[in-house]
Amino acid sequence: MKYFSTRGGEQLLSFEDTVLTGLAPDGGLYIPEHIPQLPKDWRTEWAHLSFAELAVEVLSLYIDQDEISRDDLRALVEKSYATFRHPEVTPLVRLDDKTYVLELFHGPTFAFKDVALQFLGNLFEFFLARRNAKKAHGEQRERLTVVGATSGDTGSAAIYGLRNKKDISIFILHPKGRVSPIQEAQMTTVTDENVHNVAVKGTFDDCQDIVKTLFGDKEFNAKHRLGAVNSINWARILAQTVYYFLSYFHLGRQLSATLSPSALAEIRIQYVVPTGNFGDILAGYFAKRMGLPIARLVVATNSNDILARFWRSGAYEKVDSGAGVDASAATAPVEGASDGAQRVDTGGVKETLSPAMDILVSSNFERLLWYLAHEGLAESDAETRVGACGTVSAWMQAVRADGRTTVPARVLELARRDFLAERVGDEQTLDTIRYYFENAPHYVADPHTAVGLTAARVVASQNDPSEVQVVLSTAHPAKFSEAVTRALQGSPGFDFEGQVLPPEFKGLLEKERRVIDIDAPQPELVKQVIERFAQEETSATSSARASV
Ligand SMILES: *Cc1c(COP(=O)(O)O)cnc(C)c1O
């Protein structure tokens, strides 16, 4: 299997190059040259596999054996998911006959990004180790310096994905004093030598700008081989497809207790996904295209609703039309941002109770646009791979220049065949958290999950009786304690410490921390930090080698 850029189409890359490159040089995102179909007996053969076993089956459809052998892939996957606290990795929880929650937050940082970043970290390490094993004695080792900015939600998932990985160092910038205490503690209490938390006196946007400057500095970038772990990396999408398959089998098992085999065979799943950068739900789209019987995928957004507006009108536009567009603020996907949210400093991003979904544009959406162009415009030039890339390039160019683009009716029709979209406001989010806590089975949802649960209820009335909803739960409620407490403080019987706070969070605030303070938001200061540690790490490696 080879990969190509959504804006190029001609050059084909190996899986390894695709993963190590991240964002394509032409600004596009990598997708596979074709979507593999499920093997004939997948329903029976895969029915009882564990998460890790299923991951080997699904991922090997996208990764050639001569790139990663089956044994190596199994070892990578087992190592990645051994860090999860739940034996099923991503368990499925029943709320009522028609509604289930797929919990994706049992990884080390209690949020869904762990599913992808635990795997991505091991993959980086595997590729670097293989490259370095081929080096002659004394030859410079290949290293990777991952740099990212976070507003707190997702920096920790990147840190936990890369901690203690050989030949990789990670620098995560956060605005000092502006991330929640729990999130700050989650990041800064990781004391592995290759992990560097940089607390910048400034805002999240300042951090983001510094990262952009570093990536734009060709010399510095080449010298340190800067890498990004942002949500456009193909390996992240791929890792996320696995839980769609696993939940399909888990749902079948749970329903078989009450349904006849024939009724069971009729069941179709509607997945409802709290969405920001479109990575989580895109994995579901791939699963559907591979042959998993998914009814439709529901895009649930908060009031940063560019996607919900797209499904209403076919216009993909940063700012709701009517409000002016500041074209100068338009940028390409931000390479280097490890945060889930891709922010552009128009001031157009609305702060919500579900901050991991606060985005202005949705970086992975470009991948869906490629498939829509390819299929939807089949009678024109776009029928070829390169043709579809041309169409996507033109659309993205328009978004960059004018802040908006509109797709043809046929393309919108196709998008509506596979997806529904709903926007959910903060008040509804709080109401939903309250509703599920106060009614059996008394489930405590985090605000992102609550956006999904709300959208699920809105669309349910139009569903076919054979449809069952699975809402993806993207974070543990303790991670977003402020919103949860705000919703539930008046509810009878609510006890945050007793019911919500996991033992891992207790005492976290008192643990030893390692953090580097930067007194002004200046790229030069961050460069000096990176230089200093790079020297220490290189000399550490050579002295270790000398002592062997
Ligand atoms: C990143 C994130 C999301 C959004 O996922 P996308 O793949 O960006 O759509 C939702 N919820 C939480 C808690 C997240 O961290």
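Procedures and definitions
Residues numbered from 1 in each chain as written. Predicted model: local features only at pLDDT ≥ 70, side-chain atom pairs only at ≥ 80, totals over all residues. Heavy atoms only, no water. UniProt positions renumbered as here; feature names shortened; annotations may be inferred. Pairing = 2+ DSSP bridges. Helix = DSSP H or I, 4+ residues; strand = E, 2+ residues; numbered from the N terminus. Contact = heavy atoms within 4.5 Å. Axes fitted to C-alpha atoms, helices over the stretch in contact; angles between N-to-C directions. Near = heavy atom within 4 Å. Polar contact = N/O pair within 3.5 Å; in protein donor to acceptor, adjacent residues only side chain to side chain. Areas by Shrake-Rupley, 256 points an atom, 1.4 Å probe, with all protein chains shown as cover. 1 Å grid on protein atoms, 1.4 Å probe; cavity = no way out; pocket = protein on both sides within 12 Å on 5 of 7 lines; lining within 4 Å. Sits in = over half its atoms within 2 Å of the grid points. Nonpolar A, V, L, I, M, F, W, Y, C, P; charged D, E, K, R; others polar. Domains from an automatic or database assignment. Buried < 20%, exposed > 50% of the residue type's maximum accessible area, 1.4 Å probe, protein only. Phe/Tyr/Trp six-rings, centres within 6.5 Å; stacked < 30°, edge-to-face > 60°. Salt bridge = Lys/Arg side-chain N within 4 Å of Asp/Glu carboxyl O. Right-handed = clockwise from strand over helix to strand, strands pointing away. Core = buried A, V, L, I, M, F, W, Y, C linked by side-chain atoms within 4.5 Å.

Per an unreviewed UniProt entry, the protein chain is named threonine synthase, and its organism is Phlebiopsis gigantea. Quoted verbatim from the Pathway (unreviewed entry) heading of the UniProt record, the comment on the protein chain is "Amino-acid biosynthesis; L-threonine biosynthesis; L-threonine from L-aspartate: step 5/5." Regarding the protein chain, the relevant UniProt record gives this comment under Sequence similarities (unreviewed entry): "Belongs to the threonine synthase family."

K.L.:
Which parts of the structure should I look at to understand the sheet that holds strand E15 (residues 516-518)?
P.N.:
The strands that make up a sheet pair up through hydrogen bonds in the backbone, lying either parallel or antiparallel. Taken together, 5 strands build an open sheet; the order of strands is E8-E5-E6-E7-E15 and the sheet is parallel. Two strands bound the open sheet, and with one partner strand each, they are strand E8 (226-227) and E15. Here 3 bridges tie strand E7 (residues 195-200) to E15, and the two strands are oriented parallel to one another. By the bridge assignment for E15, Val198 is matched with Ile516. This element, helix H6 (residues 155-162), spans strand E5 (144-149), strand E6 (168-175) and E7 of the sheet and lies at about 165° to E6.

K.L.:
Any chance you could explain the site of the ligand here in plain terms?
P.N.:
Taken together, 15 residues lie around the ligand, and Lys113, Gly276, Asn277, Asp280 and Thr474 are the ones closest in. A distance of 2.5 Å separates an oxygen atom of the ligand from a polar atom in the side chain of Lys113. Within the side chain of Thr474, a nitrogen or oxygen atom sits 2.8 Å from a nitrogen atom of the ligand. Relative to its unbound accessible surface of 380 Å², the ligand loses 98% to contact with the protein. A majority-of-atoms criterion places the ligand in the largest cavity. Its residues placed into classes, the shell around the ligand shows 6 nonpolar, 7 polar and 2 charged. When residues of the shell around the ligand are sorted by domain, at least three fall in each of domain 1 (109-234 + 493-548) and domain 2 (241-475).

K.L.:
Whenever I open this one, the sheet that holds strand E3 (residues 92-96) confuses me. Can you help?
P.N.:
Ordered in space as E3-E4-E14-E9-E10-E13, the 6 strands form an open sheet in which the pairing is mixed. Edge positions in the sheet fall to E3 and strand E13 (419-423), since each has one partner strand and no second. For this sheet, the mean inter-axis angle between neighbouring strands, taken without regard to orientation, is 25°.

K.L.:
Explain helix H7 (residues 181-188) to me, please; I cannot follow it from the model alone.
P.N.:
Because the α-helix completes a turn every 3.6 residues, residues three or four places apart line up on one side. A large share of H7 lies buried, amounting to 6 of its 8 residues. Buried within H7 are the following residues: Ile182, Gln183, Ala185, Gln186, Met187 and Thr188. Among the structural elements, H6, E6 and E7 are those in contact with the buried residues of H7.

K.L.:
I tried to follow the UniProt feature "modified residue: N6-(pyridoxal phosphate)lysine" (unreviewed entry) in the protein chain on my own but got confused; where do I start?
P.N.:
Taking the numbering used here, the UniProt-annotated feature "modified residue: N6-(pyridoxal phosphate)lysine" (unreviewed entry) corresponds to Lys113. With respect to the secondary-structure elements, Lys113 resides in helix H5 (residues 113-133). You can call Lys113 buried: its relative accessible area is 9%.

K.L.:
Would you take a moment to explain the packing of aromatic side chains for this structure?
P.N.:
Any pair of aromatic rings gets described here by the distance separating the centres and the angle formed by the planes. A complete count under the given rule lists 35 aromatic pairs for this structure. Look at Phe310 and Trp311: their rings are 5.2 Å apart centre to centre, the planes differ by 85°, and that puts the pair in the edge-to-face class. In this structure, Phe310 and Trp311 share a single accessibility class: buried. A centroid spacing of 5.7 Å and a plane angle of 85° characterise the contact between Phe437 and Phe494, whose relative ring orientation is edge-to-face.

K.L.:
I'm lost on the pattern of salt bridges in this one. Help?
P.N.:
In a structure, side chains of opposite charge can pair up when their charged atoms sit close to one another. One pass over the structure, following the stated rule, counts 27 salt bridges. Residue Lys527 pairs with Asp217 through a salt bridge whose shortest N-O separation is 2.5 Å. Here the residue Lys527 occupies a position in helix H21 (residues 523-547), and Asp217 occupies one in the loop between helix H8 (204-216) and helix H9 (218-224), the gap between them amounting to 310 residues. Salt-bridge contacts for Arg417 lead to Glu375; the nearest nitrogen and oxygen are separated by 3.0 Å. In this pair, Arg417 is assigned in helix H16 (residues 409-418) and Glu375 in helix H14 (residues 365-376), connecting sequence segments 42 residues apart. On the basis of relative accessibility, which here comes to 41%, the residue Arg417 falls in the partly exposed class. By relative accessible area, Glu375 is classed as partly exposed at 29%. Through salt bridges with shared partners, a single network forms among Glu16, Asp17, Arg130, Arg131, Lys135, Glu142 and Arg225.

K.L.:
It is not clear to me how the pairing of strand E10 (residues 294-301) should be interpreted in this structure. Could you clarify?
P.N.:
Every regular strand shows the same layout, with side chains that alternate between the two sheet faces. The buried fraction of E10 amounts to 7 of the 8 residues, a majority that puts the element mostly inside the structure. For strand E9 (residues 268-274) and E10, the ladder comprises 5 bridges, and the chain directions are parallel. Its bridge partner lying in E10, Pro274 is registered against Ala300. Each parallel crossover has a hand, and the one from E9 via helix H12 (residues 279-290) to E10 is right-handed. Bridging between E10 and E13 involves 5 bridges; their strand directions are parallel. Paired with Thr301 across the two strands is Arg423, which belongs to E13.

K.L.:
Is there a simple way to explain the UniProt feature "domain: Threonine synthase N-terminal" (unreviewed entry) in the protein chain in this structure?
P.N.:
UniProt records the feature "domain: Threonine synthase N-terminal" (unreviewed entry) for residues 2-81 in the present numbering. Between the C-alpha atoms that bound residues 2-81 the distance is 26 Å, and the span itself is 41% helix and 8% strand.

K.L.:
When you look at the nonpolar core in this model, what are you seeing that I'm missing?
P.N.:
As a rule of thumb, soluble globular proteins bury nonpolar side chains together. In this structure, Phe15, Tyr62, Tyr244, Tyr271, Phe278 and Trp311 are the most contacted members of the largest nonpolar core, which totals 123 residues. Broken down by element, this core gets its largest block of residues, 14 residues, from helix H10 (residues 234-255). For this core, the domains that each give at least three residues are domain 1 (109-234 + 493-548) and domain 2 (241-475). Look past the residues within four positions of Tyr244 in its chain and what remains in contact with it is Tyr271, Val273, Asp280, Ile281, Ala283, Gly284, Ala287, Leu292, Ile294, Leu297 and Leu472. Counting 21 residues, the second-largest nonpolar core is a separate cluster that includes Val198, Cys207, Leu226 and Ile530.

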